[in-house]
Amino acid sequence: MEFKLKIWRQKNARTKGSFQTYPLKDVSPEMSFLEMLDYLNKQLIEQGQEPVTFEHDCREGICGSCGLFINGRPHGPQRNTTTCELHMREFRDGETIVIEPWRSKAFPVIKDLVVDRSSFERIMQAGGFVNVNVGCAPESNSNPIGKLIADKVFDAAACIGCGACVAACKNSSAMLYAAAKIAQYAMIPQGKVEAKERVDTMVKQMDAEGFGFCSNTYACEFDCPKGISTDFIALMNREFFSSKLCSQRHG
Amino acid sequence: MQKLDSKIPDGPLAEKWSHYKANLRLVNPANKKKIDVIIVGTGLAGAGAASALGELGYNVKVFCFQDSPRRAHSVAAQGGINAAKNYKNDNDSIYRLFHDMIKGGDYRAREANVYRAAEVSNDVIDHFTAMGVPFARDYGGSLDTRSFGGVQVSRTFYAKGQTGQQCLLGTYSSLNRQIAKGTVKMFPRRDMLDVVIVDGKARGIITRNLLTGELERHAAHAVVLATGGYGTVFYLSTLGLGSNASAAWSAYRKGAFFANPSFIQIHPTSIPVLNDYQCKLTLMSESLRNDGRVWVPKEKGDKRHPNEITEEERDYYLERRYPAFGNLVPRDVASRAAKERCDAGYGVGDTGLSVYLDFKDAINKQGEKAIRDKYGNLFEMYEKITGINPYTQPMRIYPAGHYTMGGLWVDYNLMTTIPGLYAIGESNFSDHGANRLGASSLMQCSGDGYFILPNTISDYLADDIRTGKIPTEQPAFEEAEKQVADRIQRIMSVGGKETASSFHKRLGKIMWDHCGMRRDAEGLKKGMELLRQLEEEFWTNICVPGNDKDLNQELEKALKVADFFEVGLLMCEDALQREESCGAHFREEHQTETGEARRDDANFAFVGVWEYAGAEERPRLHKEALNYEYVEVKERSYK
Ligand SMILES: Cc1cc2nc3c(=O)[nH]c(=O)nc-3n(C[C@H](O)[C@H](O)[C@H](O)COP(=O)(O)OP(=O)(O)OC[C@H]3O[C@@H](n4cnc5c(N)ncnc54)[C@H](O)[C@@H]3O)c2cc1C
Ligand code: SF4
Ligand code: FES
């Protein structure tokens, strides 16, 4: 296969970036998208040019490192698929492929296709945990949780922290990411105790980081590689408003 | 010469840890605030240790090379995590888990360490559950378990095929909680390039800030390495591409002994190599062997579609050779059996280098939904990579480099031979002997991090309450930083033509061919010769574009590959000295008539421990004798 790649190149956070075009021949349909970029990079290096910098590690869709905006879609055209799991057989021979980094105020570009997602870290640090110390856990089966709930909790917990939901959203909202974690804990006894406080601090942090509001377009769910459901946003909103009510009552 | 003292406490096996722990010295809460601890790595081991030490009140600094601690490669573990809960009432116990691990490790692990790992396993599960880790549950709401290879009980807790992710995210949440409290400071996007030794004690590290290229000095009263495994020495492996040996290797060069480097697990069920551009092999979890049956055609070179090959024409070779354990034999056995069939010409696929893993019977019996519930994400992953639907035709699988049982030598306290330098999780050698049983690594990593290290390290730190801050403005730090800077300059200035990945790929092939699933003396010597040649070529022809004071992924790779040459040599050296077959280490010269591994307990019941002797010298071998007081050492049979 043969492609024309239009790739965003940017030296660092301070300089302005631009698209550069690279024709690439002899691509095998078996290659993964990142293997295709490896292949391009090998050629660039051998020609004495700087390779394209992009983030990746596990290359199997679980670490959340990778994340490219491909032809206008986060993680490319295939649903429920991370960039590293995407294969070239999903593209048409001869196609022009546009490759960009995530675009969001809260994810500034570091270099080429690499962005700074530390805002996501700070949202988790604001409350994405259960307050329990090592050594004070009760016996595991002392808190039974029915299978149906447990399965739902798992679905919420499957987020890989890639940031595609933000990239997909016209408001750059991080609602899906935060809601998934808030919902995971709100549905189980271990996490319920602090559910109201958690939603409060995490939402506050999300706003402070410059993520936008949610206008219910569901683009996040559509492009989330792990199929995280927007139902969790609804659940989070319930927690959020009831937390507001409580705090008003408490003055 | 330094004598190896494993510091195994006296007393009956089941009481060693509780008794020893009760007598370890403590650091009082006010003094803990005055003590700094560095932890490198944020997998289950590192992040667990960091949260536990943070909760205790130490000042902790944590490092990882990814942009977030949540991306440590523990995240990729699929199948599950063991514990001796006996929830299935199948007569499981701490002793049985211990015994299974000793036997699974082919009698090459320390009894006391393994027993302790089994002992804390139940606490690990309870802690994860309390943190909200969504383990699979049955309809009544209790935790569910499944079976893994090499055992006859069901003790593996799981969260679909994403157990590592869920355990790591739980651990990450506890780490975040401490970061928020200010007890832990997180340094992502850092490569640790050296450990700093002051007056014989580990007192800090040198890191490279991957965004700016700056070299940084970090000081502490103790340093803990939790940097994972080095299976990427094979280039193609199931590990993340950033996984490396460099952190542990820098410690080895500074005098930490390295144990059993050649004990490296080749996992039997990975998606086979599909093309020449591949840089990564994707694991298909061992849990699949609960329901999947492994076979090849009875006829050599049978190229028909698998669904056209009838039952009578299939050779379920694991069930045939190992009736007692069938498809659930341990990994080393399953991997060698697959290689044996493929080498004999029965392999399937274009290359003939794969075997089938078939779910037809399980789907017929339990229904597609049940199978989807258990393995849905793995099946999807398989389809995305290969384009083939495993619900309708068997998966193709082949062995791949996966897990390193070898690692930094540690004593019972998890301390290396350098005082104040600890190694936990996959980066140490301690608990899995010559072969690791499935689902016991997550268990060991979490046990090390949450429950063992926090106790043993306090005993060491008790001497440091009056030491005060360790300054980074001192000769040991200057020297270490300079050495690192020189090495970087040396690589940057070669100005050759070949990329780091290309060297890595060639190096991996040498290791796979000469120090892989089957080894012999001649091949190992040849491998060493090839490695030396390639290393020389590397230092004259490596090409690193760009500049070192910038985000430079090619430089990161080149630094790691440069270390892998030395790792590879030591692996060959170790495999060569071990004139026996045990666990994952199979020497052609030492096998039974039926092709099974032949151990030599009279001469090789020891840990092979290597001491660095300088770049030009051959390393020195030390032996830590293994004494079995509680387990009867037997031939390891799964027949
Ligand atoms: C695909 C796969 C599936 C697996 N499935 C299972 C399973 O089902 N059950 C099971 O028990 N085990 C499983 N294992 C094994 C298990 O996942 C690992 O052994 C374990 O997670 C290792 O954890 P760790 O904390 O020691 O290291 P890791 O999780 O590998 O973390 C290493 C950390 O060290 C950091 N690091 C490394 N080098 C440097 C450096 N030079 N500088 C700075 N930081 C550095 C990394 O950033 C990372 O944070 C699996 C392994 C793989 C690869
Ligand atoms: S919710 Fe989905 S898209 Fe957003 S970070 Fe999580 S996995 Fe990625
Ligand atoms: S590289 Fe890990 S999810 Fe893509």
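For clarity, every value in this text was computed on a predicted model and none was experimentally measured.

1. Overview of the overall build of chain A
In step 1: Each helix and strand counted, chain A has nine helices and seven strands in total.
In step 2: Per-residue burial over chain A gives 58% buried out of 251 residues.
In step 3: Here the analysis covers contacts within chain A between residues at least 6 apart in sequence; of these, 70% occur between residues at least 24 apart.
In step 4: In the structure as shown, chain A presents an accessible area of about 10,200 Å², 52% of it carried by carbon and sulfur atoms.
In step 5: Counting 30 positive and 30 negative side-chain charges, chain A places the centres of these two groups 6 Å from one another.

2. Structural notes on the site of ligand 2
All names here are of chain A.
In step 1: Surveying the vicinity of ligand 2 reveals 13 residues, the closest of which are Cys 159, Cys 162, Gly 163, Cys 165 and Cys 224.
In step 2: Mapped onto the shell around ligand 2, the elements with two or more residues apiece are α4 (164-168) and α5 (175-186).
In step 3: Per-class residue counts for the shell around ligand 2 are eleven nonpolar, two polar and no charged.

3. A closer look at the side chain of Glu286(B)
Residues and elements named next belong to chain B.
In step 1: Mapped onto the elements, Glu 286 comes out in the loop between β11 (264-270) and β12 (293-297).
In step 2: Taking the relative accessible area as the measure of exposure, Glu 286 reaches 2% and is therefore buried.
In step 3: Reaching out from Glu 286, the side chain makes a polar contact with the backbone nitrogen of Gly 149 at a distance of 2.9 Å.
In step 4: Once you skip the residues sitting within four places of it in the chain, Glu 286 turns out to touch Phe 148, Gly 149, His 267, Thr 269, Arg 331 and Gly 438.

4. Looking at the sheet that holds strand β5 (residues 184-187) of chain B
Residues and elements named next belong to chain B.
In step 1: Pairing in this open sheet of five strands is parallel, and the strands run β5-β2-β1-β9-β17 from one edge to the other. In the strand order of this sheet, the two ends are held by β5 and β17 (421-423), each with one partner. Going from strand to strand, the sheet's axes swing by 20° on average, the running direction of each strand aside.
In step 2: Relative to β17, strand β9 (residues 222-225) is paired through three bridges, and the arrangement is parallel. Bridge pairing links Val 224 to Tyr 422 in β17.

5. Re the pairing of strand β18 (residues 606-611) of chain B
All names here are of chain B.
In step 1: Where burial is concerned, most of β18 is hidden: six out of the six residues are buried.
In step 2: Summarising the sheet, strand β10 (residues 258-259) and β18 pair through two bridges and their orientation is antiparallel. Bridge assignment links Phe 258 to a residue of β18, and that residue is Trp 610.
In step 3: Sheet analysis places β18 next to strand β19 (residues 620-625), joined by six bridges and oriented antiparallel.

6. Observations concerning the sheet that holds strand β15 (residues 395-404) of chain B
Residue and element names in this part refer to chain B.
In step 1: What the five strands build is an open sheet, ordered β11-β15-β14-β12-β13; its pairing is antiparallel. Of all the strands in the sheet, just β11 and β13 (314-315) have a single pairing partner and so form its edges.
In step 2: Bridge count between β12 and β13: two bridges; the pairing is antiparallel. Note on β13: the bridge partner recorded for Val 296 is Asp 315.
In step 3: Contacts from helix α9 (residues 331-343) reach β11, β12, β13, β14 (355-358) and β15 within the one sheet, and its direction differs from that of β11 by about 65°.

7. Re the confidence of the model for chain B
In step 1: Per-chain confidence: chain B averages 96 in pLDDT, with 100% of residues scoring 70 or above.
In step 2: In the predicted assembly, ipTM is 0.97 and pTM is 0.97.

8. Describing unusual backbone geometry
In step 1: A positive phi angle, close to 45°, is found at Asn71(A), a residue other than glycine.
In step 2: Relative to the helices and strands, Asn71(A) resides in the loop between β3 (69-70) and β4 (73-74).
In step 3: A relative accessible area of 32% places Asn71(A) in the partly exposed class.
In step 4: One non-glycine residue with positive phi stands out, namely Asp106(B), at about 55°.

9. A short note on the layout of surface pockets
In step 1: One number sums up the size of the second largest pocket: a volume of about 1,000 Å³.
In step 2: Every residue lining the second largest pocket is counted, 50 residues in all, and those nearest its centre are Phe154(A), Asp155(A), Lys160(B), Gln162(B) and Asn377(B).
In step 3: Broken down by element, the residue count for the lining of the second largest pocket peaks at twelve residues, all from helix α11 (residues 368-386) of chain B.
In step 4: When its residues are assigned to classes, the lining of the second largest pocket shows 21 nonpolar, eleven polar and 18 charged.

Criteria and cut-off values
Residues numbered from 1 in each chain as written. Chains lettered and ligands numbered in written order. Predicted model: local features only at pLDDT ≥ 70, side-chain atom pairs only at ≥ 80, totals over all residues. Heavy atoms only, no water. Helix = DSSP H or I, 4+ residues; strand = E, 2+ residues; numbered from the N terminus. Buried < 20%, exposed > 50% of the residue type's maximum accessible area, 1.4 Å probe, protein only. Contact = heavy atoms within 4.5 Å. Areas by Shrake-Rupley, 256 points an atom, 1.4 Å probe, with all protein chains shown as cover. Lys, Arg positive; Asp, Glu negative; His and termini not counted. Charge placed at Lys NZ, Arg CZ, Asp CG, Glu CD. Near = heavy atom within 4 Å. Nonpolar A, V, L, I, M, F, W, Y, C, P; charged D, E, K, R; others polar. Polar contact = N/O pair within 3.5 Å; in protein donor to acceptor, adjacent residues only side chain to side chain. Pairing = 2+ DSSP bridges. Axes fitted to C-alpha atoms, helices over the stretch in contact; angles between N-to-C directions. pLDDT = per-residue confidence, 0-100. 1 Å grid on protein atoms, 1.4 Å probe; cavity = no way out; pocket = protein on both sides within 12 Å on 5 of 7 lines; lining within 4 Å. Points joined across faces, edges and corners; volume = space filled by probe spheres on them.

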